[in-house]
Amino acid sequence: MVAKLITLIYIYDVDDDEPLSETLPAYLIGEDRALFVSEGLLWAHEVRPSEVDPEYYVGSNENAGIILAENVTGSAADAIPALIERWGGMTALNFIVRDLVAAPLLELGLTI
């Protein structure tokens, strides 16, 4: 899995007269998905290239997105490259067993 470091302009309320926005470092996965950290949340979100500057990407709360983790400390550069490296070396079955099934059980002190 290859990820490209990008600058993301995230627009929160597109319909407001003066929409709120945030400029964030993000990692582009594929052509239209980005991973980024905002307010301690790790997001995977749909993005599109900016019409004004191809070096920037735009995302908004109108597009599909999912929170992957909460209470993320540090920057996107601290958390995301390690995740991409880990996930890139996994098969789908390894991801399901280790990250989706085993990890929550380990937090409860249980094992498979």
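Residues numbered from 1 in each chain as written. Predicted model: local features only at pLDDT ≥ 70, side-chain atom pairs only at ≥ 80, totals over all residues. Heavy atoms only, no water.

J.: How should the overall build of the protein be read in this particular structure?
T.: For the protein, the count of helices and strands is two helices and seven strands. Secondary structure elements in the protein, listed N-terminal to C-terminal, are β-β-β-β-β-β-β-α-α. Along the longest, intermediate and shortest principal axes, the C-alpha atoms of the protein span 50 × 25 × 25 Å. The proportion of buried residues among the 112 residues of the protein is 27%. Taken as a whole, the protein presents about 7,600 Å² of accessible surface, with 55% of it coming from carbon and sulfur. If you average the places of the 5 positive and of the 19 negative side-chain charges in the protein, the two averages end up 12 Å apart. (Helix = DSSP H or I, 4+ residues; strand = E, 2+ residues; numbered from the N terminus. Buried < 20%, exposed > 50% of the residue type's maximum accessible area, 1.4 Å probe, protein only. Areas by Shrake-Rupley, 256 points an atom, 1.4 Å probe, with all protein chains shown as cover. Lys, Arg positive; Asp, Glu negative; His and termini not counted. Charge placed at Lys NZ, Arg CZ, Asp CG, Glu CD.)

J.: I tried to follow unusual backbone geometry on my own but got confused; where do I start?
T.: We note that Glu-39 has phi near 50°; this positive angle belongs to a residue other than glycine. Tracing the backbone shows Glu-39 in the loop between strand E3 (33-38) and strand E4 (41-46). If you check the backbone angles, Asn-71 has positive phi at about 55° while not being a glycine. Within the fold, Asn-71 resides in the loop between strand E7 (65-69) and helix H1 (76-88). For Asn-71, a relative accessible area of 68% translates into the label exposed.

J.: Whenever I open this one, the pairing of strand E1 (residues 3-11) confuses me. Can you help?
T.: The side chains of a regular strand alternate, residue by residue, between the two faces of the sheet. Two strands pair when backbone bridges link them, and E1 and strand E2 (residues 21-29) are joined in this way by nine bridges, in the antiparallel orientation. Opposite Leu-5, over in E2, you have Tyr-27 as the bridge partner. (Pairing = 2+ DSSP bridges.)

J.: Where do I start with H1 in this structure?
T.: For H1, spanning 13 residues, the distance from its first C-alpha to its last is 17 Å, which sits close to the expected 18 Å at 1.5 Å a residue. Those residues of H1 not exposed but buried are Ala-76, Ala-79, Ile-80 and Ile-84. The buried side chains of H1 occupy one side of the element, clustering within an arc of 120° when seen end-on. Opposite the buried face of H1, by more than 90 degrees, sit the exposed residues Ala-77, Asp-78 and Glu-85. The inward-facing, buried residues of H1 abut E1, E2, E3 and E4. (Expected span 1.5 Å × (residues − 1). Arc of directions from axis to C-beta. Contact = heavy atoms within 4.5 Å.)

J.: Looking at this structure, I do not really get the pairing of E4. What am I missing?
T.: Bridge analysis of E3 against E4 gives six bridges, and the strand direction is antiparallel. Looking across to E4, one finds that Ala-34 is bridged to His-45. Pairing between E4 and E7: four bridges, direction antiparallel. If you follow Ala-44 over to E7, its bridge partner there is Ile-66.

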